[in-house]
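Coordinate analysis (summary)
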Amino acid sequence: MSDKDYYKVLGIDKSASQPEIKKAFRKLAQKHHPDKGTGDATKFKEINEAYQILSDSKKREMYDQYGSAFEQAQSRGGFEGFQNFGDWATYADAMKGQSSGASFNGSGFEGLGDIFDSLFNSSRTQERGSRQARDIQIEIAIDFKEAAFGVAKKIKLDKNIKCEECNGQGVASGSKLVTCSNCSGKGQTVSARQTFFGVFQTTGICEQCRGQGQIPEKKCAKCDGHGKLKGSSDVNLKIPAGIDNGQIIRFPQQGDFGGQGVASSDLYIKVLIRDHPLFRRKGYDVYSEETINISQATLGDKIDVQTLDKEVKLKIPAGTHSGQEFILRKRGIPYLSTRTSNKRGDQIVKITIKIPKHLTGKQKKILKELKQQGL
């Protein structure tokens, strides 16, 4: 059972006004939307869940009173807080998705989410759930420079694929689609259910034809009429330049093939970036280190520095001290946004001065002379 603090999820105070709630939601939704390079499908879902509760005055009032867990509502007075069916339905709607597999202590009911769905879900909500295949989420590891400049990858993905025998229709060769007898071609069925509130009539997608109103006269023998099979498929991925570690990319309709009447799902790729021996990243800037000797630090010099693109010259001014940093402009990571594709971060080079452990007699003599001169 969830114990989320929806106010913390949106980064607002409990006294926040509706305009403030809306503003916070828009800002976070824009940042974490799965379609964006900075997207995070899980975080986006959490943000949306919080907004759905706090933007509705009735749901917000119940949430403020009972918290995010249904058991907490029961422990604070059971159902006395729900004065009518409208309040109960509103709270039930607020609790959807928060009670997976949970038990209702002392009542004998289990899986509150399923019960609420069957009582209060509209046919539109049920249709959406049955007409889209389950999204696929995987991780992929790429090199540091591949993340910086983008890369094309081809992966083999185990998933549901289209049945070539029936071209995804589920109909045997020489057969045809006929009117579904279970729903008389309507694609929906109506059922009545007795509950402790009375009899409720619900409309749902026909399970036999999956809302299509038609079924195969004779099923395809290869896929048993589903139009899809377990298999594998090559998927071409384009990883954009500037992607950061842990970011998620959405590839529409590259997930499971849905089959007859069901839309193919999306593929979500979480990008993991391997460490680089020379560079480390912070935002769009790249950090590296270079070691110079005492004479270079004292007198100044030009040294070769490796960047993401190529080797460049860095001027070391006289009197450079250990730990000093120099900036190589526009030698960092390209910005992810396509609108600023020519914009890049910088490379920050940290200088370390190497102190020799073993000196020749001549070197020692020179240093002693310099010491006597106060250098």
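First things first, this report covers the structure right here in the doc. This is a predicted model, so every value here is computed, not measured. (Residues numbered from 1 in each chain as written. Predicted model: local features only at pLDDT ≥ 70, side-chain atom pairs only at ≥ 80, totals over all residues. Heavy atoms only, no water.)

One open sheet holds the four strands; their spatial order is β10-β11-β15-β14, and the pairing between them is mixed. Both edges of this open sheet fall to β10 (280–282) and β14 (325–328), since each of them pairs with a single strand only. Between one strand axis and the next, the sheet turns through 35 degrees on average, direction left out of account. Summarising the sheet, strand β11 (residues 285–293) and strand β15 (residues 347–354) pair through eight bridges and their orientation is parallel. Residue pairing for β15: I292 is matched across the bridge by I353. (Pairing = 2+ DSSP bridges. Helix = DSSP H or I, 4+ residues; strand = E, 2+ residues; numbered from the N terminus. Axes fitted to C-alpha atoms, helices over the stretch in contact; angles between N-to-C directions.)

So, about the nonpolar core. Core analysis: the largest hydrophobic core is formed by 23 residues, its most contacted members being I142, L237, L267 and V271. Residue assignment for this core shows that the elements contributing at least two residues are β1 (136–142), α9 (144–149), β2 (151–162), β7 (228–239), β8 (248–251) and β9 (267–273). When sequence neighbours within four positions are dropped, the list of residues in contact with L267 reads I136, I138, L157, V235, L237, I249, R250, F251, Q254 and G255. With 16 residues, the next largest nonpolar core counts Y7, I47, A50 and Y51 among its residues. (Core = buried A, V, L, I, M, F, W, Y, C linked by side-chain atoms within 4.5 Å. Buried < 20%, exposed > 50% of the residue type's maximum accessible area, 1.4 Å probe, protein only. Contact = heavy atoms within 4.5 Å.)

With that settled, the discussion passes to the pattern of salt bridges. Summed over all chains, the structure comprises ten salt bridges. Of the charged contacts, one joins D346 and R329 as a salt bridge, the two residues approaching to 3.1 Å between their closest N and O atoms. Of this pair, D346 sits in the loop between β14 and β15 while R329 sits in the loop between β14 and β15; the two residues are 17 residues apart in sequence, bridging distant segments of the chain. What makes R329 exposed here is its relative accessible area of 58%. Through salt bridges with shared partners, one network takes in D309, R331 and R344. (Salt bridge = Lys/Arg side-chain N within 4 Å of Asp/Glu carboxyl O.)

As a further point, take a nonpolar patch on the surface. Residues I366, L367 and L370 make up a contiguous nonpolar surface patch of about 230 Å² in total accessible area. With respect to the helices and strands, L367 occurs in helix α11 (residues 361–372). (Patch = residues over 30% accessible without salt bridge, like charges linked within 9 Å, V, L, I, M, F, W, Y side chains within 5 Å. Areas by Shrake-Rupley, 256 points an atom, 1.4 Å probe, with all protein chains shown as cover.)

Moving on: the sheet that holds β1. Strand order in the open sheet formed by three strands is β1-β9-β8, with mixed pairing between adjacent strands. Bordering the open sheet on either side are β1 and β8, each of which pairs with just one other strand. Each strand axis lies, on average, 30 degrees off the axis of its neighbour in the sheet, ignoring direction. Taken together, the four bridges between β8 and β9 define a ladder with antiparallel strand orientation. Bridging from a neighbouring strand, I248 pairs with K270 of β9.

Nothing here speaks to function; it is geometry throughout.
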